[in-house]
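# Survey of secondary and tertiary structure
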Amino acid sequence: MAGNDLGSLLGGLLGGSGQSGAAGASGAGNILGALLGALSGGGSGAAGGNPLGGLLDMLTKAGLAEQKDSWVGTGENQSVTGAQIQHALPDDTLKQVADEAGITTDQAATQIAENLPRAVDRLTPEGQMPAGSLEDLIRAQNL
């Protein structure tokens, strides 16, 4: 699935509890869609049709396991910073996301840091990573 389609699905998912209204949710979905699209197409450790697992593995390897676990778990979501996201993601992946969104890599990292915890939380409602493709998970949460 193309990043734009994934972004639309993620925007819908985030729109239910978005702080910035529909436009903010759409932008958040687009940046996360671009990230997950880059990971699924770039072979950066993403497995099968669900690049979210590969992304979560990257965060763990970058020392963000506690934060990641809080998003997947059922408790309160811990925050991350743009700098932590920049450290966790491959430079070429972050550059690809920024280029697709028409923003700088710093802005992309900040937007990812602001929106990823809520997106992961919504995609893992039972406190664990469900099986299936990312698109199926998003569609199931949007229903």
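Residues numbered from 1 in each chain as written. Predicted model: local features only at pLDDT ≥ 70, side-chain atom pairs only at ≥ 80, totals over all residues. Heavy atoms only, no water.

With that settled, consider the overall build of the protein chain. Along its length, the protein chain carries 8 helices and 0 strands. Traced from its N-terminal end to its C-terminal end, the protein chain shows the element sequence α-α-α-α-α-α-α-α. Across the protein chain, contacts joining residues at least 24 apart in sequence account for 61% of those joining residues at least 6 apart. Carbon and sulfur atoms make up 46% of the accessible area of the protein chain, which totals about 6,800 Å². (Helix = DSSP H or I, 4+ residues; strand = E, 2+ residues; numbered from the N terminus. Contact = heavy atoms within 4.5 Å. Areas by Shrake-Rupley, 256 points an atom, 1.4 Å probe, with all protein chains shown as cover.)

Side chains bearing opposite charge may pair, as long as their charged atoms lie close to each other. This model, assessed by the stated rule, comprises 2 salt bridges. Between Lys68 and Asp69 there is a salt bridge, and its shortest N-O distance comes to 2.9 Å. Here Lys95 makes a salt bridge to Asp99, at a shortest N to O gap of 2.8 Å. Of this pair, Lys95 and Asp99 both sit in helix H6 (residues 91-101), separated by 4 residues, roughly a single helical turn. (Salt bridge = Lys/Arg side-chain N within 4 Å of Asp/Glu carboxyl O.)

Ile85, Ile112 and Leu116 are the most contacted members of the largest nonpolar core, which totals 35 residues. Of all the elements in the fold, those that place two or more residues in this core are helix H2 (21-42), helix H3 (51-61), helix H4 (65-72), helix H5 (82-88), H6, helix H7 (105-123) and helix H8 (134-142). Ranked by residue count, the leading element in this core is H7, at 8 residues. Each residue touching Ile85, except ones within four places of it in the same chain, is listed here: Leu59, Val80, Ala109, Ile112, Ala113 and Leu116. (Core = buried A, V, L, I, M, F, W, Y, C linked by side-chain atoms within 4.5 Å. Buried < 20%, exposed > 50% of the residue type's maximum accessible area, 1.4 Å probe, protein only.)

Before going further, it helps to spend a moment on the environment of Leu59. Considering the arrangement of structural elements, one finds Leu59 in helix H3. On the basis of relative accessibility, which here comes to 0%, the residue Leu59 falls in the buried class. Along the sequence, Leu59 and Ile85 sit 26 residues apart, while their C-alpha atoms lie 7.9 Å from each other. With sequence-adjacent residues up to four places away left out, Leu59 is seen in contact with Leu64, Ala65, Trp71, Ile85, Ala88 and Leu116.

Averaged over all residues, the pLDDT of the protein chain equals 79, while 74% of them reach at least 70. Averaged over each element, pLDDT in the protein chain is lowest for helix H1 (residues 3-15) (63) and highest for H5 (97). Note that residues 16-23 has pLDDT below 50 and, in this model, 4 contacts with residues that lie over four places away or in other chains. Note on residues 42-48: pLDDT is under 50 here. Beyond four places in sequence and across chains, it has 9 contacts. (pLDDT = per-residue confidence, 0-100.)

A separate point is H3. Among the residues making up H3, those that are buried are Pro51, Leu52, Gly54, Leu55, Leu56, Met58 and Leu59. Positive phi appears at Gly63, one or two residues downstream of H3, with a value of about 90 degrees.

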